[in-house]
Amino acid sequence: MDELESPTLVVRKVSTRKRHRDVKSNQTPEPKKTSASRVFSEEKQECEEETGCTTEAGKQCYDQSSDSDEDLFGEYDSFAEETSFLAQLDNAGRNVTDFDNYVTSCTVKKRNVIISHPADKDIMNKHSTFNHILGQHMPAVTQNVIDEDIAGAGEVDELPCSQLLLPEENSVPLPVVFSSNIGNCDNNYLKSYTVTEQTSADSNVTDKTANKRKSLQDHIKSTLAGNAKVQVPQISRSKHLKEAAVAEEINIAMKAIDSTVENLDHGPFYGLPTKVKDLFTQQRGIKELYDWQHTCLTLPSVQQRRNLIYSLPTSGGKTLVAEILILQELLLRQQDVLMILPYVAIVQEKVRGLSGFGLELNFLVEEYAGSKGRFPPIKRRKKKSLYIATIEKGHSLVNSLIEVGRIEDLGLIVVDELHMLGEGSRGAILEMTLAKILYSCKTTQIIGMSATLNNVNELQQFLKAEHYTSDFRPVKLMEFVKLRDSIYEVDTKAEDCFAFSRLLNFKYSSNLQKMDPDHLIALVTEVIPLHSCLVFCPTKKNCENVAEMICKYLNKEFLNHKHKEKCSLLDDLKSFGDGTICPTLKRTVPYGIAYHHSGLTNDERRLIEEAYSTGILCLLTCTSTLAAGVNLPARRVILRSPYVATDFLKRSQYKQMVGRAGRAGIDTAGESILILQEKDKVQVKDLVRKPLENCYSNLLLNSCKGIQSLLLSLIGLKIVRSPEEICKFIYGTLFSVQYQQLSEGKSLWDIVKDALEYLIEKCLITAKKGCENEGQEISCILEITQLGHATYKGSIDLSYCDLLYKDLKKGLEGLVLDSLLHLLYLVTPYDMISQYNPDWMLYFRQFSQLSAAEQKMAVNLGVSESFLAKKASGHSVKKSPDSDIVNRFYLSLVLYALLKETNLWTVAHKFNMPRGFVQNLLNSTAVFSSCVLHFCEELEEFWSYRALFTELTKKLTYCVKSELIPLMEISGVLEGRAKQLYSAGYKTVVHVANADPEVLIKNVDHLSRRQARQIITSAKMLLTERIEALQDEVEELQKLPSDMPGELVSSEDTSITAE
Ligand SMILES: Nc1ncnc2c1ncn2[C@@H]1O[C@H](COP(=O)(O)OP(=O)(O)OP(=O)(O)O)[C@@H](O)[C@H]1O
Ligand SMILES: [Mg+2]
């Protein structure tokens, strides 16, 4: 598929009949069919037969993966050029015809998934409204037909092949896991993929790298020498060269296969090599799977690759199942995988955790978080990639793959914390991603997991998925509430809900009673310092206060527990803060206590989490953010009150928090205690027994912002071209499943129509009169404008896109480039403006220190010295400038100081801002800067910004002295650690990748063996990725172009095939 190219063809969507999947399997030997392999290979064959999918469909794809030279922010390739316009028209015509044929041909066979769309009646009724607005004529489709379309979604030939049932005999149960008698394996199977045996000895790694380099050089030399001899292009010469190149490639591939086969067996561990099982034991300490994990992995639906949702309580071990499925996809099916996780820190943790597997099993682990990630991803020739992404980056990745016709490379998408679908605008983005996959690629399997799902039926309908659930928890959870000095056990079956358990045993002085009316000290000292404890607090400030209060009254003996380790932690906090340490942490850490919330810097948070995981800290006071996804369990979890800020807790939040109680393998039970006041008693009873909240689509959130940006990207990606196709797409969303509950009486059609009108009004799309095409009438053709294109490519919020355009345009009139300030202003995120009010005195002082050119630029923007002087001196201002501009410029000054000083603490101090806010501002600006860069890349008039924003984004992403940047590209290496590594002599990724963990520990202060190994592994993965990319580029360069002048290239001579 790499060589396929179709210059004029626009890939808009993959037809359900023309599917391209698993082209790589053509190049690999047929695996011997063990039970698992049989399931996989037969399923594949079945799937291809069922869908008519052959490599021929690959002709639809074109390769745009030439973004080789940029490190982080590669080209996000644009759509096919103007030449494709006629093809678009043709396609649009065909699509409408297809749609009509499709809906009329669907029969009302309903399988286990039944979707009903009562709203659709409205669609047809409202066609005339839309016709009026757009001045177009919509083809008549009857209500009956639309109903059939919906029902038809359950039909066999319209189901994703991941959902097609296999004949019963194929579903051979897999061997029971980790049983001691498993061992004899069939090596033939391995021939279908390549696994390089890695040794931990760094010298070997170096040798291998050197050999690789050498062979690569020889390879280049010999091929180039061959090429050089070609003076007059002749067919025979070209054939000869091609044959030589192919022979060379085969040779290399065979060597790779030979070198690995003898080292690995395969199959016994859910079709995977024994090595995988060993890795789980060595790296995770997991010796046996839980029963539910085995059951889940051997479900017929899982073996048949149907979409799956599984829900289990927190700490149930959901991740392991997903990881095994991911490895099956990468190693057995040879397909890329996307794993979507909710937060940047969790993505980084997962990249670190899986890099070791990647190195050992020969696949790549690529990070897509913050401003890291390349769109579209590099197309790897040999290795498969596991992309680990945040929700936003996962969406951009899927968009970019659809755009370049490579979406079918993604065999599997795993979504952790699937309930995020219901969480605000991020939920809307997740829904768009999954809906696009469901619509565009029927072969990609979707797996979602969560601990807090209620309306699973609706999610199943959306994802056309099976559901597996169990109430397994490795450690029993006992829930309690505390009212006055009594502890009650939560018993949801009892009438009163709370069963008296015990009286709290404490002796408080009247002073202490006043300071600690909730008896927190009594509650925590029952477990710490020997066991761990989490105290969830309603606000950030409260976290700090509670930590200080507890320390103030703790017995001094607590200071002796793990004294040395705590001193090291304080040293680290100080050195990672460039000599500054938070005064609260300075007081609480000696007692083994710290607070944990978003006000910490990334470095501090990492140090605190590690110290808590290893038992150096025994108590964290934290906000609800710690409950989501971070794996920091505790023997006892205390909820300081049933509120998050001023809102009463939601059931799902409560579940996530109490779910942290009980550490698998350490505690025999975990307990949670919710402190409640009399006034909250009734509500708390409701809280502990009511069902979890439903998860609702957020496409209509914020005046339909979600649906507007969804439609924009659908039109931009050419997934849809007409209102009819939009409707067809919308049927596949969660919103459509929940339409009746969410639409507030508005018809689906009205919602779509309003969104289209909004996009037309904003000049983001155009609607052209329909035309007669091959006998079919097209109601209207929707096309994206250049601004629309730039907006969706840059993931720019629709409410800011015209403002951004205006600002950038104005910027060009007098761009000040003698410092970074003007550029920084242009990428300061609009949505952060309202989060901070300037300190006018500080503002004025900072302004006065700007250069004359900078001041002039500020005045041009609308920020004058006289205005600031008046505000600083407390005078009223008659005619105020635009406050958004003034506030935005203030934030730009903060960023400017950060880039100059590169010290978060100093800048936070200078501007009297919380360091967490400054860190957040920096991170958000780095992300927005890369969005603005992509925006500019699509608009010719902004060409001059491209190079500037590329550099600026890098500066913002790392915001450290330039020598540290290479080290911070290693996943999870933050500034503090990068400084340590640098000063210990590990100055590049290559240094770290080749380091010996034992030597590294000696050279770097307070670095544990586990951390050292993780850093080295991540560096090795990064290096491998780069080497692979270079090798791929070399191979690409060595290929003979298909259109060599004077060459007569016959169709067999080239792999480039026109549709
Ligand atoms: N079979 C097993 N044996 C021992 N430990 C296990 C096993 N499976 C998972 N674990 C461990 O249990 C802990 C919790 O697992 P995991 O993070 O997957 O839970 P989860 O179900 O995803 O919970 P949450 O909903 O909180 O994210 C991890 O430390 C993991 O390594
Ligand atoms: Mg989890």
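Parameters and conventions
- Every chain begins its residue count from 1, and numbering advances along the sequence as written.
- The naming scheme follows written order: chains are lettered A onward, ligands numbered 1 onward.
- Only residues with pLDDT of at least 70 get local features here, since the model is predicted, and only at 80 or more are side-chain atom pairs given and counted; chain-wide, interface and lining totals rely on the full set of residues.
- As a rule here, side-chain values cover all heavy atoms of the structure and leave hydrogens and water aside.
- Think of it this way: any DSSP run of H or I at least four residues long counts as a helix, any run of E at least two long counts as a strand, and we number them from the N terminus.
- Only protein chains enter the calculation, and the probe is 1.4 Å; a residue is then buried if its accessible area is under 20% of its type maximum, exposed if over 50%, and partly exposed in between.
- Note on contacts: a residue pair qualifies if any of its non-hydrogen atoms lie within 4.5 Å across the two residues.
- Computed by Shrake-Rupley with a 1.4 Å probe, the accessible areas treat only the displayed protein chains as cover when residues are assessed.
- Only strands joined by at least two bridges in the DSSP assignment are considered to pair.
- Whenever a helix is involved, its axis is fitted only over the stretch in contact; in every case the axis is a line through C-alpha atoms, and angles between N-to-C directions fall within 0 to 180 degrees.
- Salt bridges are counted wherever a side-chain nitrogen of Lys or Arg sits within 4 Å of a carboxyl oxygen of Asp or Glu.
- One heavy atom within 4 Å of a molecule or strand makes the whole residue count as near it.
- The definition of a polar contact used here is a pair of N or O atoms within 3.5 Å, where within protein one atom must be able to donate a hydrogen and the other to accept one, and adjacent residues in sequence count solely through side-chain atom pairs.
- Residues are grouped as follows: nonpolar covers Ala, Val, Leu, Ile, Met, Phe, Trp, Tyr, Cys and Pro; charged covers Asp, Glu, Lys and Arg; every other residue, Gly included, is treated as polar.
- Here, nonpolar core means buried Ala, Val, Leu, Ile, Met, Phe, Trp, Tyr and Cys residues that are tied together by side-chain atoms lying within 4.5 Å of each other.
- Here, expected helix span is obtained from the residue count minus one, scaled by 1.5 Å.
- Oblique is the label for any angle not under 35 degrees, not over 145, and not in the 65 to 115 range, which are roughly parallel, roughly antiparallel and roughly perpendicular in turn.
- Per-residue confidence from the predictor is reported as pLDDT, a score between 0 and 100.

1. Some details on the overall build of the protein chain
The helix and strand tally for the protein chain stands at 42 helices and 21 strands. The 1059 residues of the protein chain split such that 58% are buried. Restricting to contacts in the protein chain with at least 6 residues of sequence separation, those with at least 24 account for 76%. Roughly 43,300 Å² of accessible area belongs to the protein chain as shown, and the carbon and sulfur atoms make up 51% of that amount.

2. With respect to the sheet that holds strand β2 (residues 336-340)
Read from one edge of the open sheet, seven strands run β3-β4-β2-β5-β6-β1-β7, paired in parallel fashion. Either end of the sheet is taken by a strand with one partner, and the two such strands are β3 (364-368) and β7 (466-469). Recorded for the sheet is a direction-independent mean angle of 15° between the axes of neighbouring strands. The sheet contact formed by strand β1 (residues 308-311) and β7 spans four bridges and is parallel. In the strand pairing of β7, Leu-308 is matched with Glu-466. Packing against the sheet, helix α11 (residues 344-361) makes contact with β2, β3 and β4 (385-389), and its axis sits at approximately 170° to β3. Strands β2, β5 (410-415) and β6 (445-450) of the sheet are contacted by helix α13 (residues 424-440), whose axis makes an angle of about 150° with β5.

3. Thoughts on the pattern of salt bridges
For the coordinates displayed, the defined rule picks out 40 salt bridges. Here Lys-793 ties to Glu-938 by a salt bridge, and the two come within 3.4 Å at their closest N and O atoms. Here Glu-938 lies in the loop between α36 (915-937) and α37 (943-958) and Lys-793 lies in helix α28 (residues 786-793), a separation of 145 residues in the sequence. Judged on exposure class, the residue Lys-793 and its partner Glu-938 are both buried. Among the ionic pairs, Arg-1026 bridges to Glu-969, the shortest N-O distance being 2.8 Å. Here Arg-1026, found in helix α42 (residues 1009-1038), pairs with Glu-969, found in the loop between α38 (965-968) and α39 (975-983); they are 57 residues apart in sequence, far enough to count as distant.

4. Remarks on the site of ligand 1
Taken together, 17 residues sit near ligand 1, with Glu-288, Ser-315, Lys-318, Thr-319 and Arg-660 positioned nearest. Tyr-290 has a polar side-chain atom sitting 3.2 Å from a nitrogen atom of ligand 1. Contact with the protein chains covers 80% of the free accessible surface of ligand 1, which is 640 Å². If you tally residues by element for the shell around ligand 1, the top one is helix α10 (residues 318-332), at three residues. Tallied by class, residues from the shell around ligand 1 come to six nonpolar, seven polar and four charged.

5. Some remarks on the environment of Ile-429
Topologically, Ile-429 is positioned in helix α13. With 36 residues separating them along the chain, Ile-429 and Lys-393 place their C-alpha atoms 9.9 Å apart. Not counting chain neighbours up to four residues away, the residues in contact with Ile-429 comprise Ile-391, Glu-392 and His-395.

6. Remarks on the sheet that holds strand β14 (residues 636-639)
Strand pairing in a sheet takes place through backbone hydrogen bonds and is either antiparallel or parallel in direction. Spatially, the eight strands line up as an open sheet ordered β10-β9-β8-β17-β14-β11-β13-β12, and their pairing is mixed. Edge positions in the open sheet fall to β10 (498-503) and β12 (593-596), since each of these has one partner strand only. Taking each pair of neighbouring strands and ignoring which way they run, the sheet shows an average axis angle of 25°. Summarising the sheet, strand β9 (residues 486-490) and β10 pair through five bridges and their orientation is antiparallel. Across the sheet, Tyr-488 pairs through a bridge with Phe-500, a residue of β10.

7. Some points on unusual backbone geometry
Of note, the bond from Phe-375 into Pro-376 is cis; its omega dihedral lies within 30 degrees of zero at -15°. Tracing the backbone through its elements, the reader meets Pro-376 in the loop between β3 and β4. The omega torsion across Ile-528 and Pro-529 is 5°, close enough to zero to call that bond cis. Locating Pro-529 in the fold gives a position in the loop between α16 (520-525) and β11 (533-536). Positive phi outside glycine occurs at Ser-315, with the angle close to 65°. Within the secondary structure, Ser-315 sits in the loop between β1 and α10. Here Ser-315 falls in the partly exposed class, since its relative accessible area comes to 30%.

8. What to know about the nonpolar core
Counting residues in each nonpolar core, the largest one holds 208 residues, and the members touching the most others are Leu-434, Leu-808, Phe-889 and Phe-949. Contacts of Phe-889, omitting those with residues within four sequence positions, involve Leu-821, Tyr-825, Tyr-843, Phe-847, Leu-850, Met-857, Ala-858, Leu-861 and Val-863. One finds Leu-279, Val-302, Ile-447 and Met-449 within the second-largest nonpolar core, a separate group that totals 47 residues.

9. As for α13
In a regular helix each residue adds 1.5 Å, so 17 residues correspond to 24 Å; α13 covers 24 Å between its end C-alpha atoms and thus fits that length. Within α13, 14 of the 17 residues are buried, leaving the element largely enclosed by the surrounding structure.

10. Here we look at the pairing of β1
Of the two faces of β1, both are covered, the one formed by Leu-308 and Tyr-310 as well as the one formed by Ile-309 and Ser-311. Pairing geometry for β1 and β6, over four bridges, is parallel. Note that in β6 the partner of Tyr-310 across the bridge is Met-449.

11. Quick look at the packing of helix α29 (residues 801-813) against α37
Where α29 contacts α37, the axes come no closer than 11 Å and their chain directions differ by 95°. Classed by the angle they form, the pair α29 and α37 counts as roughly perpendicular. Contact residues: Leu-808, Gly-811 and Leu-812 in α29; Ser-944, Tyr-945 and Phe-949 in α37. Classifying every residue of the contact of α29 with α37 gives four nonpolar, two polar and no charged.

12. Observations concerning the confidence of the model for the protein chain
Across the protein chain, the average pLDDT comes to 77, with 73% of residues at 70 or higher. Per-element confidence in the protein chain ranges from a low mean pLDDT of 33 for helix α1 (residues 35-51) to a high of 98 for β2.

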